[in-house]
Structures are given as structure tokens and as C-alpha cells.
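As a plain string of letters, each chain reads:
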Amino acid sequence: MTVAQPRKDKAHRLSSTRVGGKLVADYWENIFTAKERGKHVVWYNGAALNPLFHAAGLEWCHGEAFAARLAAQHLEGPAQAAGAEYGYINELCSYARTHLGCAVLTHQNSNRSETGVVGLTDQQELASKLPAPDFFVNGYAGCSTGQQWDAMTYRVFDRALPLFNVSIPMLWGNKPDAGYMRGEEWIEVGKYVEGQLRELVDFLEYQTGRPFDWDALSESMSYIKRASELRLEGMELCRQAPTPATYWDWVASIAPINFLPGNQDLVDYFAGVKAEIEQRIADGVSAVENERYRVYFDGIMNWNKLGFLTRKFAEYDVAVVAGRYTHESFWQEPQLIDVDNPLLGMAQHYLLCPLNHGLKNLQELLLRRLDEYAIDGIAFHSTRTCRAMTNPQSMLARAAEAERGVKSFFFEGDVADASFYNDELFDSRLEAMLEAIDVQRMRSAV
Amino acid sequence: MNRLSPELMATLRAAADDPVAYAQTWKTTHGGSVIGAFPMNFPPELVHAAGALPVLIQENRTPITEGRNLLAEFYCGYTRSVADQAALGQLDVFDAVVAADHCVQLLGAVDVIRWARPEKPVHFAQLTSAMDDAWTRPRVAGRIGELTTEIEAALGVSITSDTLTASIRMFNANRRLLREFYELRRSGRLRITASEMQVLVKSSMVMDIAEHTVALERLLDGIDPADEGQPDVVRLYLSGHFCHAPRPELLDVIEETGVIVVDDDLYTGYRYISTDVPETGDPFEALSSWYLERNLNAPCPTRVTTQVDWDRYLVDELTRSNANGVIVLMAKFCEPHMLYYPEIRKALEKNRTPALLIETEHEGNPVETLRTRVETFVERIRRQRMPALS
């Protein structure tokens, strides 16, 4: 199958996000030298536990983030080949098998053993650059595979390293009073996870042999809270039409908010993003030339196709203005963070992962975003190996149509495996949705 | 050679093949409630103690129709079948539905039930899957307490310590009998095929436990324990296949190649019956103990632990059952199995145990292709064992 290239780039991406790209690149370059600098290294997955690692004086490697980075740079192949050779089947979460492939390569490098993994020596370099871990921490909300993943990384490293699990219950909505950030269930599980974070602090103290720096945690969280506020203010500015920035700009800003250290650089980055959006509004610059449709994106990001999809949607005069992945995660409720006593607010954010809700909460969140951003249609990225994100999509589509008359379309792809994307199907389905929106508009105009 | 009574097996098979019909009949004849439960760690004793019939919801054999629009095609056959059954109203026989396992695909299917049947009580008692932590046991106990309250509310009854203790004893007795069948098969004193063993276990998941125990006792009564064992043939172990039963025709194809299946760790198999609930002390606490101990007895890749390993367990079990090879049955798209499979493969290679991986699907299992693969696999084992067999 050939993938047609969009003819003209009608997307005007924010230039300020390039600063974030540089911050992230510098972060990883620094991580790669962690062992040379005598640092303790933690590998972790799931929730943004990095402020705790930061305060404990650790270097932290987020597995999904590294897998996403490899995929976005089209360098995921060697890690996935190593994973496949080790035995991981390609229907397994492509984040997990990319990262586990990295684990296989890193472990082989650290043991300097003959691998048997074939070829691709040059490209392997980045995939195998992660410093070997001293221990693992897993804090995965919503996705059972995420919880099991580090139990496997632990085994790839010969069962020799400590593994700490933070168990984050689902916000399932058993109780009648349950809803988004409300009800008995919400109160109870926040305290439960907070208690585990205190246990994690004890674990970190034991592993590092140093007392935990609570002041450093408060300082880090104060920067993260401010960065989050600026990010949300920038997002709010995109409620106007035409939008000054798109979902893709917020995707480009995920890495900084998700795992960079909480410091002034982080605040400056989001202040810069917000300032550019404000300037665009002042100058009358829109993010998509001739914005005619406003679309919400539901699904985890297709990292292989980030730039491609940015151009593709814009080609159809579609501004993708918000999404579940960007807008319902990553410190998105900063008012919960008490910087003097941050653990409960952190625990609550870990619970608010967009994979961690039952259908009822997700419907509530979706309808709210449809209203806030005056959405015309929804793009559901049916993410082949991410069942956690795909779970409720069919029912969300029906709720959007029934409650708001909002049309939608589905396309198949994946987080880090380009082979699951089908461009012809994408075009025809997007076109069908846009035609349905046109018909809807004509009818309402009569 | 000892064989099982065809008449009794027909009764059990009927319940195993159509649990919904069995539940409907049971409701009519007993005037009681039926609660549908999901695999793999829900304690049925709790429902039984409330005077209701616990039924472990099974994969339906029919092709998926309505469910296709509700869950994506890249979900396991079991969850897609559950979504389909919910959309078609086939789960309406259940007065409430309960789940205890956090599997992302399973919860997708359970959410379909909530969406398709909003009036149906649905409760998720999330039993913590990280097993090693100090806070796991109290958390699990709390969820069992919540579950008890929900079942009581749904049925309008109270579950007392005495009734729960009695239920635990009944289920333990049933599990012990099933394990006796496993021992008889392992020792060669009873010729019981893999699909027959599946009928015994699967029917225990869906039938009135007292009725099922009587049937097992009658089956055992018909066996002469002094009977001679089987001739020396290739002995296979079946591993994997969580949550739902592999199709019987697939199991039959394996044994039609002239081998015998001597043991398994399938969920609809030994995994389900591996562990009894403690009969002393507080019975509610005993259910927590059962949950934690069961994973030590038969480690499951859906649980996170550094205390035990499924691969090491499997190698030990191969020795215990004197098996010559392993067929790994993997339900397509089953993520915990896909995650753990490389460790299984490594361990079996290190142990020089021949192994064959077979992926199963809800529809379109290529039986004849599988036959060829199994025949080749068995031939490989035979050649390895040639001096011993000649």
C-alpha cells in the first residue's frame, strides 16, 4: 500500500514548541550519561511519578515516553525487532514491546553478551542507549497491561532488581454518587494511592540511602503546578474559532509536562507557548488555513504519524482543537496540588489518567469538551494495540451523536507501530464524516 | 481402560455448553436468583452463600454480530463474545453481574453491559493485582466486603459467616473431587480426554455446586482404581488459555494425533481448581487468603509478583506430570499471555522441553492446519524419544 502525501501544508504549527523539543532532547542526552555520572537510575511506567524521583536525586526513564520518542523519530524498528526476536507478538501493546525490546538491548549491552539479534547495528544505537536501571517503579492507571509490563521488564533483567508497584484503582463508578472528581469512591481511592506514595518514598530512601527531600518535592511541584496552569490557559484560548493552536501543538507539549523536571525552564516553556497563542490571536493568525471544521481527537497518539496527520487534517480544512489524550491528562487539574503537601494532589492526578475512567465519566468529559470547543466531529483513533484507550470508543461515538448530534469517524492506527495504519481508509472515512457535517449544516440553515 | 459414564457426562456437557439455558432452568425450578461472574478470581462462594446461583459467564460459540459494533476486532474472543451476548440480551438471565479482575479488555466488555443494560446491577470489585505489597491484603479484604454488601443489596439477603463457611466447604469438596480426576488422569488410571476434562471443570463453573458434586461422585464411583494404566504414548501438557475454554474440537484434534493430554494449567482446567479456601477462621478473610494463595499455587501472569514465576511453575509441573511436551494455547490478543510468553519459551528451551504455540480465535480456527502442525510437533517428540519407546 502506498501512503499518499498531502499536497499542501495548511497547518501552522506553533514555533514555541521547538523549545520544548530542545528541552526534551537535552533531557534524554543527559539520561544517556547517567551511569557515567554515577547516578541511580529508575525505570518507570504509567503515572508521572517523576517529581518523586527528582526529589530523591534519581535519574528517571519513562518507558512509554522513550518508546514514543523512538516512534516519533521512526527509530522504533530495532527495539521492536529485538522484542520480536525475544518472543513478543506484534499484537502486544507497541509501547510495551518497543520498551521491552529496549530492555533486551540494554540488558545485552550491560552484560556484553552475544545477542543473536540480527543486524541494524547503527539504528540500534539509540534504542540501546538507555542506562541500565537500578530498580523499577510501576504506577499504571487503567491499563492492566501497563501493570504487567514492568513485571516482565523485571524478568528480562534476570529477576535481579527491585520492583515497586503503586496500585492505582480504576475510577469505575460503582456508587450512584460517582462522577468525575466527585463521590465517595473518588475520596477513598485518593487517600489509598496517597498512602502508597508515602510507601514509595520509603522505598526510594532505602534504594538511594538518602533521606527524601520533601522541600525539593514541594519546589518541583510548585513549578509543575504553574506550568500546568499556563498550559490550561493556553488551551482555553483555543476555544475560539478559528483556533490559534491545535491538538498537535498540545501533543508536541506532552513530553515537557509529562516527565521533564519541575523547574523554571518548564514554566518558561509553557509561558512561551501561551504567549505565542496570545500573539496569534492579536495578529489574527489561525492554526489551520481556512478552518471549516473543528474536530476532537479521541485515542492515544499515533507517534509514527504525528507530522503526517497534522498536515492531513489541515489539508481538509480541519482544525483538530482538543483531545482526550492531551486535555484529560498531564496535571490537568492543578487546583488539586497543595505545594506544601503535594502527595494527595499527585495521587489524584494519577487516578485521573484518561485510561482510568469507566464509561460514565468518559461520557461526561467528552460532552463537556464538545461544548467547550464547539466541536463538529470526532476522530476516533482505534488504536490497535492500546485497548485501554479504545475500550469505550464505540459507545462514546453513540453518546456524542445522541446527546449533541456530533458526527464521528474511526480510523485504525497504533501508538508505535506504523504497520497498523491504513491511509486509504482514513481518507474515505474522514471525507464521509465531513460530508455528513456539511449536510447537517445545510439542513440547519434551511 | 476406565472411561467416564456417557450418561453423566452428557448431563454435565449440556450445562457446560449452554450455561444460560441451565441458569434459566435453575431459576424456574429453584425460584432463586442467578448472578453472572467474570473470570478469573471471583469467589463464587460469596454468591452461593447468598442463596443464589453463581455462574461464570462463558464464551458463546455463535458468531459475533451486534458485539462487532461495540468492541473492536482486536479484542480477545471472550470479551467480544461477552459484548455480543450483552447486546443481544443473552445475559438478561442474570439478576446482577460482578467482576473482580482488572483486565483492560474484560472491563471494556463489562462497560458494554452497563451501556446495553443500564438497569442491570453491575459491580466491579477490583482485587489488587500487585500481590506482594503490605497493603494488598487489606485492600482485597475491603473489596470483598464491598462485594458482599453489593450482593446483599442486589438480592435483598444477608450473607452470614455460617452460610459462607458452609458454601466454602461445598466448593472445596467440589474442587477436591475435580483434582482427584486430575490425579487419576496424570497417573494413567483413568482415560479422560482433554475435552472431557474441560466439561468437568466448565460445568462446575456454571452448575449448582451441590448437583455438580453429586455428579462427580457418581462418575468416580464408576471407576475401578485398580485398572491398568495406559501404554507408553507421547504425554502432552496444555498450558495457558485464560478466562475462557479453548474449543473442544481443538483439544480433540490434539489427541487424535495419538497423544494423550496428561495435565494442564488452563483456566478452564487445573488453574480454576488449584486452591481451596481455608475452612477455619473468619470466612470473609479466608476469601482474601484464597485469592493470594492461589497465585502462589498456580502463578498467573495477570498478577504482578516477584515471589513466584509461572515459567518455573510450569517446568516443575511438567516433571510432576511426566509430560514429554507442551502445547501453549494462547487466546489471540490476550495481553498478559503475550507479555509472559517469551519467559515461558525461554524456560522450556532451557529445560529442553518441546513446545508448540497455538493461537486460538473466537471464529475461524483452522482445525486441519492445526492438525498438521500438531502431527509434526508430535512426530518431533517421538523421534526425540525413539530409543526410549523402541
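Residues numbered from 1 in each chain as written. Chains lettered and ligands numbered in written order. Predicted model: local features only at pLDDT ≥ 70, side-chain atom pairs only at ≥ 80, totals over all residues.

An unreviewed UniProt entry annotates chain A as 2-hydroxyacyl-CoA dehydratase family protein originating from Rhodococcus indonesiensis.

A. Quick peek at the overall build of chain B. The number of helices and strands found in chain B is 15 helices and eight strands. For a compact globule of 390 residues, the expected C-alpha radius of gyration is about 21 Å, and chain B comes in at 20 Å, within 12% of that figure. Dimensions of chain B along its principal axes, counting C-alpha atoms only, are 65 × 45 × 45 Å. The buried share of chain B, taken over its 390 residues, is 55%. Taking the intrachain contacts of chain B between residues at least 6 apart in sequence as the baseline, contacts between residues at least 24 apart amount to 76%. (Helix = DSSP H or I, 4+ residues; strand = E, 2+ residues; numbered from the N terminus. Rg over C-alpha atoms; globule rule 2.2 N^0.38 Å. Buried ≥ 20, exposed ≤ 12 C-beta atoms within 10 Å, placed from the backbone. Contact = placed C-beta atoms within 7 Å.)

B. Highlighting the sheet that holds strand 6 (residues 260–264) of chain B. Residue and element names in this part refer to chain B. Sheet architecture is open: four strands sit in the order 6-5-7-8, paired in parallel fashion. The sheet terminates laterally at strand 6 and strand 8 (355–360), the two strands that pair on one side only. Shown here is a sheet whose adjacent strand axes are inclined to one another by a mean of 30 degrees, direction ignored. Pairing geometry for strand 7 (residues 325–331) and strand 8, over six bridges, is parallel. By the bridge assignment, V328 is partnered in strand 8 with L357. Contacts from helix 13 (residues 310–321) reach strand 5 (235–240), strand 6 and strand 7 within the one sheet, and its direction differs from that of strand 5 by about 150 degrees. (Pairing = 2+ DSSP bridges. Axes fitted to C-alpha atoms, helices over the stretch in contact; angles between N-to-C directions.)

C. Structural detail: the sheet that holds strand 6 (residues 318–323) of chain A. Residue and element names in this part refer to chain A. The four strands lie next to each other as 6-5-7-8, forming an open sheet whose pairing is parallel. Either end of the sheet is taken by a strand with one partner, and the two such strands are strand 6 and strand 8 (407–413). Neighbour-to-neighbour, the strand axes of the sheet open up by a mean angle of 30 degrees, direction not taken into account.

D. Molecular detail of the interface of chain A and chain B. On the side of chain B, 36 residues touch chain A, which itself brings 39 residues to the contact. At nine residues, the largest contribution of residues to the side of chain A that touches chain B is made by helix 7 (residues 144–156) of chain A. Of the residues belonging to the side of chain A that touches chain B, the class tally is 19 nonpolar, 15 polar and five charged. (Nonpolar A, V, L, I, M, F, W, Y, C, P; charged D, E, K, R; others polar.)

E. Spotlight on the packing of helix 6 (residues 136–155) of chain B against helix 12 (residues 283–297) of chain B. Residue and element names in this part refer to chain B. Close contact between helix 6 and helix 12 brings their axes to 9 Å; oriented N to C, the two are set at 125 degrees. As summarised for this structure, helix 6 and helix 12 are arranged oblique, according to the angle between their axes. Crossing of helix 6 against helix 12: the hand is right-handed. When helix 6 is examined against helix 12, the residues R137, V140, A141, I144, G145 and T148 are found in contact with a partner set consisting of F284, E285, L287, S288, Y291 and L292. Across the contact of helix 6 with helix 12, the residue classes tally to seven nonpolar, three polar and two charged. (Parallel < 35°, antiparallel > 145°, perpendicular 65-115°, else oblique. Left-handed = near helix turned anticlockwise from the far one by under 90°.)

F. Spotlight on the packing of helix 7 (residues 161–187) of chain B against helix 8 (residues 194–206) of chain B. All names here are of chain B. Between helix 7 and helix 8, the shortest axis-to-axis distance is 11 Å and the interhelical angle comes to 170 degrees. Our classification of the angle between helix 7 and helix 8 gives roughly antiparallel. From helix 7, N174, L178, F181 and R185 reach across to helix 8, where they touch M197, L200, V201 and S204. Its residues placed into classes, the contact of helix 7 with helix 8 shows five nonpolar, two polar and one charged.

G. Structural context of helix 13 of chain B. All names here are of chain B. Taking 1.5 Å as the rise per residue, helix 13 with 12 residues should run 16 Å; its terminal C-alpha atoms sit 16 Å apart, in good agreement. Buried within helix 13 are the following residues: W310, D311, L314, L318 and S321. Mapping the buried residues of helix 13 onto a view down its axis gives an arc of 95 degrees, with all of them on the same face. The outward face of helix 13, more than 90 degrees from its buried face, is lined by the exposed residues D316, T319 and R320. Against helix 7, strand 5, strand 6, strand 7 and helix 14 (335–350) lie the buried residues of helix 13. N322 occupies a position one or two residues after helix 13 and carries a positive phi of about 55 degrees. (Expected span 1.5 Å × (residues − 1). Arc of directions from axis to C-beta.)

H. Up close: the environment of S158 of chain B. Along the chain, S158 of chain B falls in the loop between helix 6 and helix 7. For the pair S158 of chain B and A49 of chain B, spaced 109 residues apart in sequence, the C-alpha separation works out to 8.8 Å.

I. Layout of the pairing of strand 1 (residues 41–46) of chain A. Residue and element names in this part refer to chain A. Across the six residues that make up strand 1, a large majority, five, are buried. Bridge count for strand 1 against strand 2 (residues 59–62) is four bridges, and the pairing is parallel. Bridging across to strand 2, V41 finds its partner in E59. Assessed by its sense of winding, the connection that carries the chain from strand 1 through helix 2 (residues 50–55) to strand 2 is right-handed. Direction of pairing for strand 1 relative to strand 3 (residues 135–139): parallel, over a ladder of five bridges. (Right-handed = clockwise from strand over helix to strand, strands pointing away.)

J. A look at the confidence of the model for chain B. The share of residues in chain B with pLDDT of 70 or more is 96%, and the mean pLDDT across the chain is 95. In the predicted complex, the global pTM is 0.95; the interface-specific ipTM is 0.95. (pLDDT = per-residue confidence, 0-100.)

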